[in-house]
Amino acid sequence: MSALQTLAESNIQGNLGSIGYGLAAIGPGVGVGIIFGNGTQALARQPEAAGLIRANQILGFVLCEALALIGLVMPFVYPTS
């Protein structure tokens, strides 16, 4: 019997929303990495624009984290059962 058949026949308990949140957390994590990576490059190229670059970095970080928090809340707002 293959592992897929065993998995299909077994009784899986739990909320698929938690799996969805785990997958949804990948996007904001990548986004934050891109934001701060490019921000660091921009600061190295134009140090005189540090205030503007840093403000845009913080705004991008906040928007990415807001998406992550929405993903955290949605399984509780729309339960599967």
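**Let's talk about the overall build of the chain**
Link 1 in the chain: When its secondary structure is counted, the chain shows four helices and zero strands.
Link 2 in the chain: For the chain, the sequential pattern of α-helices and β-strands runs α-α-α-α.
Link 3 in the chain: Scored against the burial criterion, the 81 residues of the chain give a buried share of 16%.
Link 4 in the chain: Summed over its atoms, the accessible surface of the chain is roughly 6,200 Å², and 70% of this surface lies on carbon and sulfur atoms.

**Details of helix α4 (residues 50–77)**
Link 1 in the chain: The end-to-end C-alpha distance of α4, which contains 28 residues, comes to 40 Å, matching closely the 40 Å that a straight helix rising 1.5 Å per residue would cover.
Link 2 in the chain: By the burial criterion, the buried members of α4 are Ala 50, Ile 53, Gln 57, Gly 60, Cys 64, Ala 68, Gly 71 and Pro 75.

**Quick look at helix α3 (residues 26–45)**
Residues that lie three or four places apart on an α-helix share one face, since the helix turns once every 3.6 residues.
Link 1 in the chain: Counted at 1.5 Å a residue, the expected span for α3 with its 20 residues is 28 Å, and the 29 Å between its end C-alpha atoms agrees.
Link 2 in the chain: For α3, the complete set of buried residues consists of Pro 28, Gly 31, Val 32 and Gly 39. When α3 is viewed along its axis, its buried side chains cluster within an angular range of 100° and face the same direction. Among the exposed residues of α3, those pointing more than 90 degrees away from its buried face are Ile 26, Thr 40, Ala 44 and Arg 45.

**Quick word on the environment of Ala 66**
Link 1 in the chain: Relative to the assigned elements, Ala 66 resides in helix α4.
Link 2 in the chain: Of the residues examined, Ala 66 reaches a relative accessible area of 33% and is grouped as partly exposed.

**Overview of the side chain of Gln 57**
Link 1 in the chain: Note on placement: Gln 57 falls in helix α4.
Link 2 in the chain: Residue Gln 57 is classed as buried on the basis of its relative accessible area of 9%.
Link 3 in the chain: Contact partners of Gln 57, with chain neighbours within four places excluded, come to Ile 35, Phe 36, Gly 39 and Thr 40.

**Re the confidence of the model for the chain**
Link 1 in the chain: On average, the chain scores 80 in pLDDT, and the residues at 70 or more come to 81%.
Link 2 in the chain: Across the chain, the element-wise mean pLDDT spans from 67 in helix α1 (residues 3–9) up to 90 in α3.

**So, the environment of Cys 64**
Link 1 in the chain: As for its placement among the helices and strands, Cys 64 is situated in helix α4.
Link 2 in the chain: Once the C-alpha coordinates of Cys 64 and Ala 25 are considered, the two residues, 39 residues apart in sequence, prove to be 9.8 Å apart.
Link 3 in the chain: Those residues within four positions of Cys 64 in sequence are excluded, and the remaining contacts are Pro 28, Gly 31, Val 32 and Ile 35.

Conventions used here
Residues numbered from 1 in each chain as written. Predicted model: local features only at pLDDT ≥ 70, side-chain atom pairs only at ≥ 80, totals over all residues. Heavy atoms only, no water. Helix = DSSP H or I, 4+ residues; strand = E, 2+ residues; numbered from the N terminus. Buried < 20%, exposed > 50% of the residue type's maximum accessible area, 1.4 Å probe, protein only. Areas by Shrake-Rupley, 256 points an atom, 1.4 Å probe, with all protein chains shown as cover. Expected span 1.5 Å × (residues − 1). Arc of directions from axis to C-beta. Contact = heavy atoms within 4.5 Å. pLDDT = per-residue confidence, 0-100.

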